[in-house]
Amino acid sequence: MKTKNFILSAIMLIGVSTAVFADVKPAPIFGNAMVLQRDAIVQVWGTADSKEPVTLSFNGQTVKTRADKAGKWSVKLNPMHAGGPYKMIISGRKNRVDIDDVLVGEVWLCSGQSNMEFRVKEANNAADEIAGADYPMIRCFTVQKSMSPALLDDCFGSWEVCSSDTAGDFTAVGYFFARELWNELKVPIGIINSSWGGTDIEAWTSADSYAALPESVRRDYGNAAIELERMTSPERVAMKKKYDADFASDPALTEHWYENPGDLSTWKPMYIPKEWSLTPLAREDGHVWFRREFVLPEGAEGKAAILALGPIDDNDITWINGEEIGRTVGYNIPRRYSVGENILRKGVNTLTVRVTDTGGGGGLFGLPQDIWLNVEGKSYSLAGEWSYKPSVVTSEYGIVQYGPNMLNSLLYNAMIHPIVRFAIKGVIWYQGENNAGDAYAYRTLFPNMIADWRDKWGYDYPFYWVQLANYMAEAQIPRESAWAELREAQSMALDLPRTGQAVIIDIGDPGDIHPRNKQDVGHRLALNVLAKEYGRTDLVWTGPTYASSVVEGNKIIVTFDTYGSELAVHNKYGYIEGFAVAGSDRVFHWAKAWITEDGKVAVCSDEVDKPIAVRYAWSDDPEANLFNTEGLPAAPFRSDDWPGVTIRR
């Protein structure tokens, strides 16, 4: 989950600057092909000369105002029904701005980290989806990446009409969600994509709201604020220029590290696969070289082969025995390279990979089974201990990794605050992976951010989110799971009004943190919204959720809320997978589970005579097959913490 190219907006302009305005102009969020929220007061704002009179005409309404001393103006339009296209005309003393092809309909803000940023052209069946994306009543505004320690007035981007020429770059979750709403409602749909991969929820929370949180859930950002002030000093600029030059050339390429690695004692060991955030490279960007020797038997030499390395974050160049066999640009693309004849040798061979990281995490981050060499049908695992050596990395140039997680509120300031006056129907949110290491803080941070945004907009709009997908290796025995705890924290936010979540523990990818099935994600979000916001009470909008549990002898009987549906098992034998129970020792064991005649679930284990707690789908990548008859998965839960029977740690 990446923090790629961005604008460092006004990073040093923490003080108040004096703006000079001339022609009247609207804020950048207002542009051709935009969608305005129906049945709501619509505010339009912008800049002009100090005290300049401004007139705005739209859809039969004409409103007048005058810019203030600072040259800022705003007007409000009365609620309007869905329709269009219309023209908006904004006039001042010296100029007139025409905004064409404006629709009135439903506007949804799509925000979060990389799984919301993830584009249609990266999703399943991308070519067919793009070819069929003829929906001119769907429009998307993608907020340009930007961060700032101070509140900004403007964010930048443009409204795009959905077509086969544009849809490929839309947020995939947002597009599939919008498509479902359009097909159901037949009113214009606008989506505003304000997302950034690899970001913490703290970055999306306003500074005043974050400062009011309990100290126990606030991060220690150290001297980040001071570093932000220092970043434009002449010394830092010179070091950055040197880094950029060395990054572009990489002396290790000139020195042919892929053939001559030099003193191997200067290379350090690392188990591969492993994402850099878990290693000494956690705060590094740049080029890092990895090396692995492997042995092939007689008969394999000279043969053609296939090399798989799994996904690499971000880019790579790969050599075997000094011969380049492939290179890829793209942080979520599984690497698979053809090895030509006469490259492999009998005995010791050397695999060298230069990994280039441009921000956020980095490294070969798939699963052990993703990394192998196959020669004529025989596979050789390449997972295990490799050696690594940085060639050009930021720390050697005194460069701090500047990014949106460096300090709280940097993204709120630059990518949310500029649009808080823009009327929206609601928000869909896909984030949490970056906070999985501290799910207990997320129990406070997440509902706080929802309340914070609603407060800034001035009304309690709907807020719906995606629960974390299944990811990483399947647990062989029941154990604690940071991702399960984060999913639990997300579920706890359902206590807030007008909220809902899409459970997707069945459609993730254990080897890829960015699962490509975004169609079902958008569909499940749309089910929530259509049922709870647009009156489709006939829809079953969620899978089963935990209601209560009671102990009966050596079994625990679990009752689920099924919302008008019934429990179903995706297993031809009727056995439910993913349940575990514990006794008074609090050690969990996998359990047998089945649906009872009265529609509940009975759970027991031969290892636990007197169970007191039950868990379901409590792992990073749960093997879980309990659904409802509509095919929506049951949500993960544990009775030993929340809700139900409580065993506090």
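For the structure, check the block above.
Worth saying up front: this structure is predicted, and the values here are computed from it rather than measured.

Novice: Quick rundown of the sheet that holds strand 24 (residues 384-393)? Include the residues and the values.
Specialist: Pairing is antiparallel in the open sheet, where six strands are placed in the order 14-24-15-20-17-18. The sheet is open, and its two edges are formed by strand 14 (268-272) and strand 18 (323-328), each paired on a single side. Each adjacent strand pair in this sheet contributes to an overall mean axis angle of 30°, direction not counted. Two elements, strand 15 (residues 286-296) and strand 24, share six bridges in a ladder whose sense is antiparallel. When the sheet's bridge partners are listed, H287 is paired in strand 24 with V392. Contacts from helix 6 (residues 234-249) reach strand 15, strand 20 (347-357) and strand 24 within the one sheet, and its direction differs from that of strand 24 by about 130°.

Novice: Quick rundown of the pattern of salt bridges? Include the residues and the values.
Specialist: Under the definition given, this model contains 33 salt bridges. A salt bridge links K94 to D49; the shortest N-O distance between them is 2.9 Å. In this pair, K94 is assigned in the loop between strand 8 (83-91) and strand 9 (96-112) and D49 in the loop between strand 4 (42-47) and strand 5 (53-58), connecting sequence segments 45 residues apart. In this structure, the salt-bridge partner of E117 is K145, at a minimum N-O distance of 2.7 Å. One end of the pair, E117, is in helix 1 (residues 114-117); the other, K145, is in the loop between strand 10 (135-142) and strand 11 (146-147), with 28 residues separating them in the sequence. By relative accessible area, K145 is classed as buried at 12%. Where salt bridges share partners, they join K87, R96, D98 and D100 into one cluster.

Novice: If you had to explain helix 9 (residues 439-457) to someone new, which residues and values would you point to?
Specialist: Here helix 9 spans 27 Å end to end across 19 residues, near enough to the 27 Å set by a 1.5 Å rise per residue. Judged by how many residues are buried, helix 9 sits mostly within the fold: 14 of 19 residues are covered. Positive phi appears at G458, one or two residues downstream of helix 9, with a value of about 95°.

Novice: For the pairing of strand 6 (residues 61-66), give the residues involved together with the corresponding values.
Specialist: Summarising the sheet, strand 5 and strand 6 pair through six bridges and their orientation is antiparallel. Pairing of P53 across the sheet is with R66, part of strand 6. Adjacent in sequence and paired antiparallel, strand 5 and strand 6 are bridged by two residues, among which N59 carries a positive phi angle near 50°.

Novice: Describe empty space enclosed by the protein, listing the residues and the values that go with them.
Specialist: Evaluated as defined, the whole model comprises three cavities of 30 Å³ or more. Lining of the largest cavity is provided by Q501, A502, V503, R524, N528, W541, T542, G543, L632 and P633. Class assignment of the residues belonging to the lining of the largest cavity gives a composition of five nonpolar, four polar and one charged. By volume, the second largest cavity amounts to about 50 Å³. Lining the second largest cavity are P478, R479, G578, A580, F588, W590, R615 and W618. Partitioning the lining of the second largest cavity into residue classes produces five nonpolar, one polar and two charged.

Novice: Now, about the environment of V102: what can you tell me, with residues and values included?
Specialist: Mapped onto the elements of the fold, V102 is located in strand 9. With a relative accessible area of 0%, V102 lands in the buried category. Considered as a pair, V102 and F58 are 44 residues apart in the sequence and their alpha carbons are 9.4 Å apart. Those residues in contact with V102 that sit more than four places away from it in its chain are M34, L36, F58, G84, P85 and Y86.

Novice: Hey, could you go over unusual backbone geometry for me, with residue numbers and the actual values?
Specialist: Looking along the chain, the bond that leaves I272 and enters P273 is cis, with omega of 10°. Within the element layout of this structure, P273 appears in the loop between strand 14 and strand 15. Geometrically, the link from D313 to D314 is a cis peptide bond, its omega value of 5° lying close to zero. Relative to the elements of secondary structure, D314 occurs in the loop between strand 16 (305-313) and strand 17 (315-320).

Calculation rules
- Residues numbered from 1 in each chain as written.
- Predicted model: local features only at pLDDT ≥ 70, side-chain atom pairs only at ≥ 80, totals over all residues.
- Heavy atoms only, no water.
- Pairing = 2+ DSSP bridges.
- Helix = DSSP H or I, 4+ residues; strand = E, 2+ residues; numbered from the N terminus.
- Axes fitted to C-alpha atoms, helices over the stretch in contact; angles between N-to-C directions.
- Contact = heavy atoms within 4.5 Å.
- Salt bridge = Lys/Arg side-chain N within 4 Å of Asp/Glu carboxyl O.
- Buried < 20%, exposed > 50% of the residue type's maximum accessible area, 1.4 Å probe, protein only.
- Expected span 1.5 Å × (residues − 1).
- 1 Å grid on protein atoms, 1.4 Å probe; cavity = no way out; pocket = protein on both sides within 12 Å on 5 of 7 lines; lining within 4 Å.
- Points joined across faces, edges and corners; volume = space filled by probe spheres on them.
- Nonpolar A, V, L, I, M, F, W, Y, C, P; charged D, E, K, R; others polar.

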